[in-house]
Amino acid sequence: MGAFIVLEGGEGAGKSTAVAVIRDYLISKGVASEDILETREPGGTEIAEKIRTILKEKNPREQLTSEAELLLMYAARAQLVHRVIIPAVAQGKFVIGDRHDLSTVAYQGAGRGLPMDKIDAVRDIAIGNLKPDLTIVMDIEPEAGMRRARNRGDLDRFEVENIEFFRRIRNCFLNEAARHPDRIKVVDAGQDLEHVKQSITDILESSCICTAG
Ligand code: T5A
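The structure displayed is predicted, hence computed values, not measured ones. (Residues numbered from 1 in each chain as written. Predicted model: local features only at pLDDT ≥ 70, side-chain atom pairs only at ≥ 80, totals over all residues. Heavy atoms only, no water.)

S.K.: For this particular structure, what's the right way to read the nonpolar core?
M.R.: Core analysis: the largest hydrophobic core is formed by 25 residues, its most contacted members being Leu 7, Ile 22, Leu 26, Ile 136, Met 138 and Ile 200. Contributions of two or more residues to this core are made by strand E1 (3-9), helix H1 (15-28), strand E3 (94-98), strand E4 (134-139) and helix H8 (193-206). The leading source of residues in this core is H1, at six residues. The contact partners of Ile 200, leaving out residues within four places of it in the chain, are Ala 18, Val 21, Ile 22, Ile 136, Met 138 and Val 187. Counting 21 residues, the second-largest nonpolar core is a separate cluster that includes Ala 76, Ala 106, Ala 149 and Ile 184. (Core = buried A, V, L, I, M, F, W, Y, C linked by side-chain atoms within 4.5 Å. Buried < 20%, exposed > 50% of the residue type's maximum accessible area, 1.4 Å probe, protein only. Helix = DSSP H or I, 4+ residues; strand = E, 2+ residues; numbered from the N terminus. Contact = heavy atoms within 4.5 Å.)

Structural data, given as structure tokens:
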């Protein structure tokens, strides 16, 4: 049957960790591992990964504008959606996305302050009305998420933003989840790993995803 499941959230929320939980869940339901694809955004194709490098690197000689950032995010997403996600789901595969479109609403919309009507217009060109079957927002206090990110090492161009930027992003994720409770679920990502895993499994069990395989 196939599905597109997305993890969203702030820095250091544990999205990459959660991808593995979803993969294990699908396998426990009888989905073959070759029918599960993991993607990350920005990135996930050869061209999109090149765009990711531009987006993440700190360049002291030239600051990326918010407008260019938005367009590059959608250029990368268009490659991934049309080259990977849509064909895979059409073949009955499961795609687990480490970030997708809601990140743009949160980071470029709430974070950078770009108007939503402009974001909607670019999205329409890039990916049309594609929507994930299920989005799980890994919610964590920005201070705690940044502590985890800092422990991992070097900070990228986004991670050096101030805490207010990340507070706006967090509020946006939570507001979007409140507006669309049928397709966007929230996990308290500040819990220990075992509880996080259980919360994700509970969400998958109660969604149509559990009828897979
Ligand atoms: N961006 C992206 C936009 O601005 N707009 C967009 O449209 C898109 C798609 C991507 C950047 O691009 C921005 C957002 C990002 O700033 P990235 O490197 O992919 O850059 O950044 P993140 O997606 O934020 O990845 P991170 O690795 O920072 O966060 P994760 O994946 O949420 O966290 P994870 O799983 O790596 O965990 C972080 C650390 O915490 C530990 C892990 O072991 C790890 O060390 N951890 C826990 N520790 C204790 N308890 C738990 N429950 C834990 N869960 C994880």
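After that view, the rundown keeps rolling.
S.K.: How should I be thinking about the sheet that holds strand E2 (residues 36-40) in this particular structure?
M.R.: Across a sheet, paired strands are connected by hydrogen bonds in the backbone, their directions being either parallel or antiparallel. Strand order in the open sheet formed by five strands is E2-E3-E1-E4-E5, with parallel pairing between adjacent strands. Of all the strands in the sheet, just E2 and strand E5 (184-188) have a single pairing partner and so form its edges. The mean inter-strand angle of the sheet, taken between neighbouring strand axes irrespective of direction, is 20°. Here five bridges tie E1 to E3, and the two strands are oriented parallel to one another. Looking across to E3, one finds that Leu 7 is bridged to Asp 98. Relative to the sheet, H1 contacts E1, E2, E3 and E4, its axis offset from that of E3 by approximately 165°. On the sheet, helix H3 (residues 66-90) packs against E1, E2 and E3 and is oriented at approximately 155° with respect to E2. (Pairing = 2+ DSSP bridges. Axes fitted to C-alpha atoms, helices over the stretch in contact; angles between N-to-C directions.)

S.K.: Honestly, the environment of Gly 43 in this entry has me stumped. Any pointers?
M.R.: Within the fold, Gly 43 resides in the loop between E2 and helix H2 (46-56). By relative accessible area, Gly 43 is classed as buried at 1%. Taking the C-alpha atoms as reference, Gly 43 lies 6.2 Å from Ala 76; in sequence the two are 33 residues apart.

S.K.: Explain the site of the ligand to me, please; I cannot follow it from the model alone.
M.R.: Taken together, 28 residues form the shell around the ligand, and within it Lys 15, Ser 16, Lys 56, Thr 104 and Arg 152 come nearest. Contacts to the ligand include Ser 16, whose side-chain N or O atom sits 2.6 Å from an oxygen atom. Between the ligand and Gln 108 there is a distance of 2.9 Å, counted from a nitrogen atom to a side-chain nitrogen or oxygen. Coverage of the ligand by the protein amounts to 83% of the 1,000 Å² it exposes when considered alone. Mapped onto the shell around the ligand, the elements with two or more residues apiece are H1, H2, H3, helix H4 (101-111), helix H6 (142-152) and H8. The leading source of residues in the shell around the ligand is H4, at four residues. Classifying every residue of the shell around the ligand gives eight nonpolar, eight polar and 12 charged. (Near = heavy atom within 4 Å. Polar contact = N/O pair within 3.5 Å; in protein donor to acceptor, adjacent residues only side chain to side chain. Areas by Shrake-Rupley, 256 points an atom, 1.4 Å probe, with all protein chains shown as cover. Nonpolar A, V, L, I, M, F, W, Y, C, P; charged D, E, K, R; others polar.)

S.K.: How do you make sense of the packing of H3 against helix H5 (residues 116-127) when you look at a structure like this?
M.R.: The description of two helices packed together rests on the angle between their axes and the distance between the axes. Put simply, H3 and H5 touch, their axes get as near as 9 Å, and they point 30° apart. The angle between the axes of H3 and H5 places the two elements in the roughly parallel class. Considering the relative orientation of H3 and H5, their crossing is right-handed. Between H3, through Leu 70, Leu 71, Tyr 74, Arg 77, Ala 78, Val 81 and His 82, and H5, the contact on the second element is made entirely by Ile 119, Val 122, Arg 123, Ala 126 and Ile 127. Residues belonging to the contact of H3 with H5 are distributed by class as follows: nine nonpolar, one polar and two charged. (Parallel < 35°, antiparallel > 145°, perpendicular 65-115°, else oblique. Left-handed = near helix turned anticlockwise from the far one by under 90°.)

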